[in-house]
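Below, each chain spelled out in residue letters.
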Amino acid sequence: MTEPWWQTGVVYQIYPRSFADADGDGVGDLPGIAAHLDYVAGLGVDAIWLSPIYRSPMADFGYDISDYRDVDPLFGTIDDLETLVRAAHDRGLKVILDLVPNHTSDEHAWFAESRASRDNPKRDWYIWRDAGPAGAEPNNWPSFFGGSAWELDETTGQYYLHLFHRKQPDLNWHTPEVRAAVYDVMRFWLDRGIDGFRIDVLWLLAKDQTFADSPPVPPREHELDVARLEHPGFEDREETHDIVREMRALVDEYDHRVLIGEIYLPYERLVRYYGERLDGVHLPFNFGLVTASRFDAPTVRRLVEEYESFLPEGAWPNWVLGNHDISRIATRTAEGGARLAQMLLLTLRGTPTCYYGDELGLADGEIPPDRVVDPQAATGRNRDPARTPMPWEPSPTAGFSPDGVEPWLPVAAGHKQRNVQAQAADPRSELSLFRALTALRRGRRALQLGSLRLLGGTAPDDVLAYVREGEGEGEHVLVALHFGAEPRTADLSAASARPADLLLSTELDREGEVDLAALELRPREGVVISVR
Ligand code: GLC
């Protein structure tokens, strides 16, 4: 096998605050993750991506970094990180860190210098502008966390740009020293054996140097047009691609590392982040399943067709089902939908990224108003519900924190039934399904690397079916996902006229020979079938 690990492997995202609290302060930490590495390895995943663990005042829970080269004491020490990386590597797990290059914390030493005076040598490390007419903000750019993206700094009487929290000033990527400084940070971690980076808000790095207003936002033409470009002044600028190429060249100095880009754009624009000569990021995150307003067969079929049609020659696809910024898949889908979605994610063509807890079918937690902590909640999009503590066992703290400690976010309801301990003991649980899916994938090149052919026409509208086919292999794999709420008989004989064996059902209760011309599917049942 010569394919890189990030093509054949499965990525598992850990939100460190919420995975396991070893020191009993209510917040998850690195020793907590280390203590559960056998669980992670046992999921059959190949890499963990950790949301930021660097020094941070936590205005955006770690995405506001005050020192890129140190671990926040809340999470542990740099030694703890090195121990974790070693333990992960011992188990064959890669470790991907979050890289947040668009902004620092306002408590970063660089910003303290930059804001000190207009002639400070680091002044142009951030984006400073004079007020507009009558003291107004320099332009109409909004912050993703609500209000204007500009904050007036009294010391020097200028505004600085912050596309997120006012405690997250944007770095000025048009200043060569800034690029060099962030590239040094990348080297710092790559030299320590980190296997790659997930790059935060990659499509926002470069800014229009004329700082013109954003045009009025046109109404949506299609209900699925969730990811689109609304602010040409700071989204997907041509100069950003130069930066991406530089980052890739740096990472290519090391062996077997990966760059994953967080990019919310329509596919046509997204795929340009692979780079014209595949010299961009290895995996520009494909958020199609995350941003789609519906989870049904026609929607998913359209996403797969569209994505595959835009993929450049030689580019490796990827799919994401959830992350720390959006409602969990179990909440976004109807009953049974989470199992179906997991089967979809782990059988589509491309690298899957799974969000911690989704392997249990965990739903969004309910956050009482006095427990809301997300800075984005002010905009009406509270992300706390998708960040609740990992439920390990039925105890009041779910085994996340030691008994008697209040976790930073409330444990989601239903954890007495839905937890790792209970699901590990149940051969038909979501967890068992997840493990069966990763095992199936690992054993079959057709699923890891094979082509994907959507079956059309004969399958009823609420059944999505596709064939994964390896090169020069006898065995093909047919996946049929029934999104409907009524039992169905599907004719999938287009896949093959020969006998077929059912390998796995989302219900984990049947196997053996099936008739592809009349395949019985229960409501929201998905099946993987071996076809010769
Ligand atoms: C990304 C992160 C999100 C964070 C934002 C600002 O979208 O995923 O959690 O708030 O960037 O860093």
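This section reports on the structure supplied with the text. Just so it is clear, the model here is predicted, and its values are computed rather than measured. (Residues numbered from 1 in each chain as written. Predicted model: local features only at pLDDT ≥ 70, side-chain atom pairs only at ≥ 80, totals over all residues. Heavy atoms only, no water.)

**A look at the packing of helix α12 (residues 337-347) against helix α14 (residues 430-443)**
Contact geometry of α12 with α14 gives a least axis separation of 10 Å together with a crossing angle of 15 degrees. It follows that α12 is roughly parallel to α14 by the angle criterion. Seen from above, α12 lies across α14 with right-handed handedness. Contacts between α12 and α14 involve R339, Q342, M343, L346 and T347 from the first element and E430, L433, F434, L437, T438 and R441 from the second. Grouping the amino acids of the contact of α12 with α14 by side-chain chemistry returns five nonpolar, three polar and three charged. (Axes fitted to C-alpha atoms, helices over the stretch in contact; angles between N-to-C directions. Helix = DSSP H or I, 4+ residues; strand = E, 2+ residues; numbered from the N terminus. Parallel < 35°, antiparallel > 145°, perpendicular 65-115°, else oblique. Left-handed = near helix turned anticlockwise from the far one by under 90°. Contact = heavy atoms within 4.5 Å. Nonpolar A, V, L, I, M, F, W, Y, C, P; charged D, E, K, R; others polar.)

**Looking at the pairing of strand β18 (residues 500-505)**
Here β18 pairs with strand β19 (residues 512-514) via three bridges, running antiparallel. When the bridges of β19 are listed, A500 appears paired with V514. Counted along the chain from β18 to the antiparallel partner β19, the turn is six residues long, and its residue L508 has a positive phi close to 55 degrees. Two elements, β18 and strand β21 (residues 526-531), share five bridges in a ladder whose sense is antiparallel. (Pairing = 2+ DSSP bridges.)

**Comments concerning the sheet that holds β19**
One open sheet holds the six strands; their spatial order is β14-β15-β16-β21-β18-β19, and the pairing between them is antiparallel. This sheet does not close on itself; its edge strands, each paired only once, are β14 (451-455) and β19. Averaged over all neighbouring strand pairs, the angle between strand axes comes to 35 degrees, with direction disregarded. In terms of strand pairing, strand β16 (residues 476-482) meets β21 through six bridges, oriented antiparallel. In the strand pairing of β21, L481 is matched with G526. Sheet strands touched by α14: β18 and β21. Its angle to β18, the strand with the most contacts, is close to 135 degrees.

**Focus on the packing of helix α6 (residues 176-191) against helix α7 (residues 238-251)**
In the contact formed by α6 and α7, the axes pass within 11 Å of each other and the chain directions differ by 30 degrees. Considered as vectors, α6 and α7 are oriented roughly parallel to each other. Viewed along their axes, α6 and α7 form a crossing whose handedness is right-handed. Between α6 and α7, the residues in contact are R179, Y183, M186, R187 and L190 and I243, E246, M247, L250 and V251, respectively. Its residues assigned to classes, the contact of α6 with α7 comprises seven nonpolar, no polar and three charged.

**Description of the nonpolar core**
Within soluble globular proteins, side chains that are nonpolar tend to cluster in buried spots. Y12, F19, Y39, L50, L81 and M247 are the most contacted members of the largest nonpolar core, which totals 148 residues. A total of nine residues in this core trace back to one element, the largest contributor, which is α6. Ignoring any residue separated from it by four or fewer positions in sequence, one finds Y39 in contact with Y12, F19, E359, L360, M390, W392, V420, L431 and R435. Counting 18 residues, the second largest nonpolar core, distinct from the first, contains L478, V514, L519 and V531. (Core = buried A, V, L, I, M, F, W, Y, C linked by side-chain atoms within 4.5 Å. Buried < 20%, exposed > 50% of the residue type's maximum accessible area, 1.4 Å probe, protein only.)

**Considering the packing of aromatic side chains**
Applying the stated criterion to the full structure yields 30 aromatic pairs. Plain terms: the ring middles of F111 and W128 are 5.7 Å apart, the flat faces sit at 10 degrees to each other, and that makes the pair stacked. With F111 in helix α5 (residues 109-116) and W128 in strand β6 (residues 128-129), the pair connects residues that are 17 residues apart, well separated along the chain. For the pair F111 and W128, a shared accessibility class is recorded, and that class is buried. For the ring pair W128 and Y160, a centre distance of 5.6 Å and an interplane angle of 70 degrees mean the geometry is edge-to-face. With W128 in strand β6 and Y160 in strand β8 (residues 158-161), this pair connects stretches of sequence that are 32 residues apart. Given the relative accessible area of 10%, W128 is considered buried. Cluster of aromatic residues (ring-pair linked, three or more members): W141, F144, F145, W150, F164, F211 and F234. Above the ring of W408, the side-chain terminus of R17 is found at 4.1 Å from the ring centroid. Positioned above the aromatic ring of W128 is the side chain of R123, whose terminal nitrogen or guanidinium carbon lies 3.8 Å from the ring centre. (Phe/Tyr/Trp six-rings, centres within 6.5 Å; stacked < 30°, edge-to-face > 60°. Lys NZ or Arg CZ within 6 Å of the ring centre and 35° of its normal.)

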